[in-house]
Amino acid sequence: STASGIRGTKFREAIAEVMDVFPRLAERKDSLAWTLSGGEQQMLALGRAIVAKPKLMLLDEPSLGLSPLLATEVVQLISRYSREHGTSILLVEQNAKLALKSSDRGYVMETGRVVLEGPAKDLANDPQVRSAYLGS
């Protein structure tokens, strides 16, 4: 029917968009999910979310278990997707340097309470944040 054809076309367009955001998945498109590396599995999980065209994505530690290089790549791709598609992202990340580098706004929590907040650039340059969380 026409309705299923439209859904099929939109689905294929959404998959093409995911492959554009995560080119590595395009390279591995014929692979089974369990054979993907940890970073590729993380990209696949994010790609599955992108197909739904969310207005808001809640991401909990997307860099967990990834090499520093791959963690940076994944977070940069997420950030680019957010800018290009107007999707808001709430990112919970222990890697403060990576999180602040790719965010517009940041919140620093200690024992379940927000102790600092503001533009990410300001937090990244704050001496208290730098010494406590950024190792400099």
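Residues numbered from 1 in each chain as written. Predicted model: local features only at pLDDT ≥ 70, side-chain atom pairs only at ≥ 80, totals over all residues. Heavy atoms only, no water.

(A) Seen up close, the overall build of the protein chain. Per the secondary structure count, the protein chain includes seven helices and four strands. Overall, the protein chain shows an N-to-C arrangement of helices and strands of α-α-α-β-α-β-α-β-β-α-α. Dimensions of the protein chain, computed from the C-alpha atoms along their principal axes, are close to 60 × 30 × 25 Å. Put simply, 50% of the contacts in the protein chain that link residues at least 6 apart link residues at least 24 apart. Carbon and sulfur atoms provide 55% of the accessible area of the protein chain, an area that totals close to 9,100 Å². (Helix = DSSP H or I, 4+ residues; strand = E, 2+ residues; numbered from the N terminus. Contact = heavy atoms within 4.5 Å. Areas by Shrake-Rupley, 256 points an atom, 1.4 Å probe, with all protein chains shown as cover.)

(B) Structural view of the pattern of salt bridges. Enumeration according to the criterion identifies five salt bridges in this entry. Across the salt bridge formed by K53 and E17, the nearest N and O atoms sit 2.2 Å from each other. A residue pair is termed long-range when its members are at least 10 positions apart, and K53 in the loop between α3 (38-51) and β1 (56-60) and E17 in helix α1 (residues 2-21) qualify at 36 residues. A relative accessible area of 15% places E17 in the buried class. Across the pair E84 and R80 runs a salt bridge, and its minimum N-O distance is 3.3 Å. With E84 and R80 both in helix α4 (residues 68-85) and four residues apart, this pair spans about one turn of that helix. Residue classification places R80 among the partly exposed residues on the basis of a relative accessible area of 25%. (Salt bridge = Lys/Arg side-chain N within 4 Å of Asp/Glu carboxyl O. Buried < 20%, exposed > 50% of the residue type's maximum accessible area, 1.4 Å probe, protein only.)

(C) Highlighting the pairing of strand β2 (residues 88-92). Here β1 runs beside β2; their pairing, made up of five bridges, is parallel. Bridge assignment links L58 to a residue of β2, and that residue is L90. Once the chain exits β1 it traverses α4 before rejoining the sheet at β2, and the crossover so formed is right-handed. (Pairing = 2+ DSSP bridges. Right-handed = clockwise from strand over helix to strand, strands pointing away.)

(D) Molecular detail of α4. An ideal rise of 1.5 Å per residue puts 26 Å on 18 residues; α4 measures up with 26 Å between its terminal C-alpha atoms. Following α4 by one or two positions, G86 adopts a phi angle in the positive range, close to 65°. (Expected span 1.5 Å × (residues − 1).)

(E) Spatial organisation of the nonpolar core. If you look at the biggest cluster of nonpolar residues, it comprises 19 residues, and the most contacted ones within it are F22, L25, M43, L46, I50, M57 and V74. Elements with a minimum of two residues in this core: α1, α3, β1 and α4. Here V74 is in contact with Q42, M43, L46, P62 and L66, once residues within four sequence places are set aside. Grouped together as the second largest cluster of nonpolar side chains are nine residues, V108, L116, A120 and L134 included. (Core = buried A, V, L, I, M, F, W, Y, C linked by side-chain atoms within 4.5 Å.)

(F) The side chain of S63, seen in detail. Looking at the element boundaries, S63 is found in the loop between β1 and α4. When residues no more than four places from it in sequence are discounted, the contact partners of S63 are Q42, A71, E93, N95 and L98.

Don't take any of this as a statement about function, it's just geometry.
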